[in-house]
Amino acid sequence: MANQQALEQLAEWIKGSSYTVLLTGAGMSTESGIPDFRSQNGLWKNYDPAYVSSVEALHRHYDVFHEFYSLRLNDMERLKPHSGYSILSKWHQESMVHAVATQNVDGFHKKSGAHHVFELHGSLDEIYCHECGSAHSRENFRKGEPCDCGGRLRPGIVLFGELLPEKTWESALASIEKADLVIVIGTSLQVYPVNQLPSLTSGKTVLINREPTTLDHLFTMVIHSGAKDTLIQLDEIIQDT
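What counts and how
Residues numbered from 1 in each chain as written. Predicted model: local features only at pLDDT ≥ 70, side-chain atom pairs only at ≥ 80, totals over all residues. Heavy atoms only, no water. Salt bridge = Lys/Arg side-chain N within 4 Å of Asp/Glu carboxyl O. Helix = DSSP H or I, 4+ residues; strand = E, 2+ residues; numbered from the N terminus. Buried < 20%, exposed > 50% of the residue type's maximum accessible area, 1.4 Å probe, protein only. Pairing = 2+ DSSP bridges. Polar contact = N/O pair within 3.5 Å; in protein donor to acceptor, adjacent residues only side chain to side chain. Contact = heavy atoms within 4.5 Å. Phe/Tyr/Trp six-rings, centres within 6.5 Å; stacked < 30°, edge-to-face > 60°. Core = buried A, V, L, I, M, F, W, Y, C linked by side-chain atoms within 4.5 Å.

## Looking at the pattern of salt bridges
Part 1 of the reasoning: Scanning the model with the defined rule gives 11 salt bridges in all.
Part 2 of the reasoning: Note that Glu56 is salt-bridged to Arg60, the shortest N-O span being 2.8 Å. Separated by 4 residues within a single helix, Glu56 and Arg60 lie in helix α4 (residues 55-60), roughly one turn from each other.
Part 3 of the reasoning: Relative accessible area serves as the criterion here: at 38%, Glu56 is assigned to the partly exposed category.
Part 4 of the reasoning: The partner of Glu119 in a salt bridge is Lys110, and the shortest N-O contact between them spans 3.3 Å.
Part 5 of the reasoning: Here Lys110 falls in the partly exposed class, since its relative accessible area comes to 45%.

Written as structure tokens, this is what we have:
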């Protein structure tokens, strides 16, 4: 459980902030049951998960790539956002949060009603042809059907070996640069360049993560606790004051 004094201080910062931006990572999704494949030990079907989600795998081992992302689509459709997402969306509607940048590809922020969401690594909600870019259905992808042009279908996410979407990155960057409070939730801050974002604000920075990270010392406040429980506690304090 998070330190009560720290939570009370953070609640004051949230209520007093004129522009608050959230940056969320896998720690938000895993508490809804979505696996963080990067944290799994060993190999996934004899492949490194980082390889399975790469451009190289799309070209050279499409059967493995296809099975991996079919499973991820199933997870996304089977599971639901936890109550922490609803709290963040409520804060958004109450103008206590003004933008959300996320590394997650499950779309849970948008499904919970948040707006001004910058999906830095794309979204599993979109399927398109890697060759011609035409849109396709999830069912076409699940069946392993090629595009009419013969190209392979893929989810609309950023694979290892690809650049982040430029407009989305620039929008997130602009929001963080003008923020007076940036709250980072559920990420170990290992993935570049997203891990650079918290350092680009002149405002206060807060990290909420179960485990310590190598960048803890750069934050104004660090809370080592789970995302959902911390958000529930924070919301109770905000509502009571």
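## A look at the pairing of strand β7 (residues 181-185)
Part 1 of the reasoning: Summarising burial for β7: 5 of the 5 residues are buried, a large majority.
Part 2 of the reasoning: The alternating pattern of β7 places Leu181, Ile183 and Ile185 and Val182 and Val184 on opposite faces, both of which are buried.
Part 3 of the reasoning: The pairing of strand β1 (residues 20-24) with β7 spans 5 bridges and is parallel. Bridging across to β7, Val21 finds its partner in Val182.
Part 4 of the reasoning: The sheet contact formed by β7 and strand β8 (residues 204-208) spans 5 bridges and is parallel. If you follow Ile185 over to β8, its bridge partner there is Ile208.

## Here we look at the side chain of Thr24
Part 1 of the reasoning: Inspection of the secondary structure assignment puts Thr24 in strand β1.
Part 2 of the reasoning: We classify Thr24 as buried; its relative accessible area is 0%.
Part 3 of the reasoning: Engagement of the side chain of Thr24 in a polar contact is seen with the side chain of Thr102, the distance being 2.8 Å.
Part 4 of the reasoning: For Thr24, the side chain forms a polar contact with the side chain of His109, separated by 2.9 Å.
Part 5 of the reasoning: When sequence neighbours within four positions are dropped, the list of residues in contact with Thr24 reads Ala101, Thr102, Gln103, Asn104, His109 and Ile185.

## Considerations on the packing of aromatic side chains
Part 1 of the reasoning: This model, assessed by the stated rule, comprises 4 aromatic pairs.
Part 2 of the reasoning: Among the aromatic side chains, those forming a connected cluster through ring pairs are Tyr62, Phe65, Phe68 and Tyr69.

## Some words on the nonpolar core
Part 1 of the reasoning: Ranked by internal contacts, the top residues of the largest apolar core, which has 32 residues, are Leu10, Ile14, Trp91, Ile183, Ile185 and Val206.
Part 2 of the reasoning: Sorting the residues of this core by element identifies α1 (4-16), α6 (83-93), β7, β8, β9 (221-223) and α10 (227-240) as the ones contributing at least two each.
Part 3 of the reasoning: A per-element tally of this core places α1 first, with 6 residues.
Part 4 of the reasoning: With sequence-adjacent residues up to four places away left out, Val206 is seen in contact with Leu10, Trp13, Leu181, Val182, Ile183, Val184, Phe219 and Met221.

## A closer look at the pairing of strand β6 (residues 153-157)
Part 1 of the reasoning: β6 sits mainly inside the fold: 5 of its 5 residues count as buried.
Part 2 of the reasoning: Both strand β4 (residues 122-129) and β6 contribute to a ladder of 5 bridges, which runs antiparallel. Pairing of Cys129 across the sheet is with Leu153, part of β6.

## A few points about the environment of Gly107
Part 1 of the reasoning: Within the fold, Gly107 resides in the loop between β2 (99-102) and α7 (108-111).
Part 2 of the reasoning: On the basis of relative accessible area, Gly107 is assigned to the buried category, the value being 6%.
Part 3 of the reasoning: Spatially, the C-alpha atom of Gly107 lies 7.1 Å from that of Asp125, the residues being 18 residues apart in sequence.
Part 4 of the reasoning: Not counting residues up to four positions away in its chain, the partners in contact with Gly107 are Glu119 and Asp125.

## Here we look at unusual backbone geometry
Part 1 of the reasoning: Cis rather than trans, the peptide bond between Tyr192 and Pro193 has omega equal to 5°.
Part 2 of the reasoning: In this model, Ser95 sits at a positive phi of 60°, which is unusual for a non-glycine residue.
Part 3 of the reasoning: Position of Ser95 relative to the elements: it lies in the loop between α6 and β2.
Part 4 of the reasoning: Ser95 gets classed as partly exposed once you look at its relative accessible area, which sits at 48%.
Part 5 of the reasoning: You will see that Leu189, though not glycine, has its phi angle at about 55°, which is positive.
Part 6 of the reasoning: Here Leu189 lies in the loop between β7 and β8.
Part 7 of the reasoning: Look at Leu189 and you get buried, because its relative accessible area is 4%.

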